[in-house]
Amino acid sequence: MTKHLEHHYFAGLDLTGKRVVVVGAGTVAQRRVPRLINSGARVEVIAPEATPAVEAMADAGELTWHRRPYAAGDLEGAWYVVACATGSEVNAAVAAEAEERRIFCVRADDASQGTAVTPAVAQHGGLLLGVLAGGEHRRSAAVRDALVEALRTGVVDERSEPPAPGVALVGGGPGDPDLITVRGRQLLGRADVVITDRLAPRELLEELGPHVEVVDASKIPYGRAANQDVINSLLIEHARAGKFVVRLKGGDPYLFGRGFEELLACVEAGVAVTAVPGITSAFAAPSAADVPVTHRGVAHEVVVVSGHVGPHDEQSLVDWPALGRLRGTLVLMMGVKRIAEFAAVLVEHGRDPKSPVAVVQEGTTRNQQTLRTTLGEVAEAIREADIKPPAVIVVGPVADLAPESRR
């Protein structure tokens, strides 16, 4: 037997300043209300109780909450109604009044009994996408997600015109290609030129079109390196040639990534430039290894430190004696080579040599490796385990909090 499909007319409603009534304030309302608010609607919620999220929106003045049950006449003056009360009898009464007043009404409990349905919706780069599948909700959601992914990766090009020449400094995240931000992936899909680092997710480059020029500006620790001035010149040169350039970096562009140096160079050269934050490995790598950088009652502070130069180097800007006195979490980046020096100076200035330490190599990738030790033994432990950069070193009580079953 062929399933009967619902037939709908797809339209975009301008609800700016118009009264929209939502009957019910449970989890369904919690999902539906934010988009109504963002559309500019004057949202009024009618329900005796509400979820904390809906109540917070009311407290913030984003909507009006009438803390009582629905009553006949509540829909007067409404342009749109969402019936999502707990009881089907209430939703039926709301839908009946809406029908009588010729107001379109969505019934969350039984969509076929309403006069409107909510599509599977997503936003992407100024586009509002909605998919209806005749009542097959999982199908509409699956198609929506596939469309958004195609737009994000550049498989579907939504551009009405080529992107303006310029530079985008994009944080690629800690290593897993799925952890780049939505905005970062979107801009990467529009690039004419990509200048990438060794620590940027390599799999993202496979998604680029054949027309995209990829420039390797890898900075291999303590080895061959592309001069920063050369990188700055490349960004400016390609942008001035009319190209849209993405500078793809590992982690976040501004956390020990020299991203701001590149922004300053572009601004000075008169080149349009934007920065897209990325998920930093300083927090993501420990998280992937079940190491929280903070935990209630354990750590109220996190300090992220570069280990690019040693603690006694005249170029160091770090107050190591102060770090030795801290009781919270210390996250050390680029510290593998000089870990013996860092551990010694921390112990010298007050850190207990028995302080727990977690070392996470290549966090969030399939090559992730986690080492747990103490501050007094970390240098020898790293040597014995043959830990190589990139690795994040976490010092403090949080490094000893992972569930025993997942160590």
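All figures in this text were calculated on a predicted structure; none of them were measured in a lab.

Asker: When you look at unusual backbone geometry in this model, what are you seeing that I'm missing?
Answerer: Glycine aside, negative phi is the norm for most residues, and most peptide bonds take the trans geometry. With omega at 0°, the peptide bond leading from Pro389 into Pro390 counts as cis. With respect to the helices and strands, Pro390 occurs in the loop between α11 (378-385) and β17 (391-395). Backbone geometry at Asp290 places phi at a positive 65°, although glycine is not the residue there. Turning to its location among the elements, Asp290 is positioned in the loop between α8 (281-288) and β13 (302-306). Here Met334, not a glycine, exhibits a phi torsion of approximately 55°, which is positive. By the secondary structure assignment, Met334 is in the loop between β14 (329-333) and α10 (339-348). Taking relative accessible area as the criterion, Met334 reaches 35% and is therefore assigned partly exposed.

Asker: Honestly, the domain arrangement of the chain in this entry has me stumped. Any pointers?
Answerer: Entries for the chain in the domain assignment read domain 1 (19-118), domain 2 (121-158), domain 3 (166-276) and domain 4 (282-400). Each of domain 1 and domain 3 was reduced to a C-alpha centroid, and the two centroids are 46 Å apart.

Asker: In this structure, what is going on with the pattern of salt bridges? I would like to understand it.
Answerer: It is possible for side chains bearing opposite charge to pair when their charged atoms get close. Overall, the coordinates contain 12 salt bridges when judged by the stated rule. In this structure, Glu262 and Arg247 form a salt bridge, with 3.1 Å as the shortest nitrogen-oxygen distance. Here the residue Glu262 occupies a position in helix α7 (residues 259-268), and Arg247 occupies one in strand β11 (residues 244-249), the gap between them amounting to 15 residues. Residue classification places Arg247 among the buried positions, given a relative accessible area of 0%. Between Arg383 and Glu380 there is a salt bridge whose closest N-O contact spans 2.4 Å. In this pair, Arg383 and Glu380 both sit in helix α11, 3 residues apart, roughly one turn of the helix. Classification of Glu380 by relative accessible area gives partly exposed; the value is 37%. Overlapping salt bridges, with partners in common, bring together Asp197, Arg247, Lys249 and Glu262 in one network.

Asker: Can you help me understand the UniProt feature "active site" (unreviewed entry) in the chain in this one?
Answerer: The feature "active site" (unreviewed entry), as annotated in UniProt, sits at Asp197 and Lys219 in this numbering. Summarising the element assignment, Asp197 is placed in the loop between β9 (193-196) and β10 (213-216). In this structure Asp197 touches Ala217, Ser218, Arg247, Leu248 and Lys249, once residues within four positions along its chain are discounted.

Thresholds, definitions, all that
- Residues numbered from 1 in each chain as written.
- Predicted model: local features only at pLDDT ≥ 70, side-chain atom pairs only at ≥ 80, totals over all residues.
- Heavy atoms only, no water.
- Helix = DSSP H or I, 4+ residues; strand = E, 2+ residues; numbered from the N terminus.
- Buried < 20%, exposed > 50% of the residue type's maximum accessible area, 1.4 Å probe, protein only.
- Domains from an automatic or database assignment.
- Salt bridge = Lys/Arg side-chain N within 4 Å of Asp/Glu carboxyl O.
- UniProt positions renumbered as here; feature names shortened; annotations may be inferred.
- Contact = heavy atoms within 4.5 Å.

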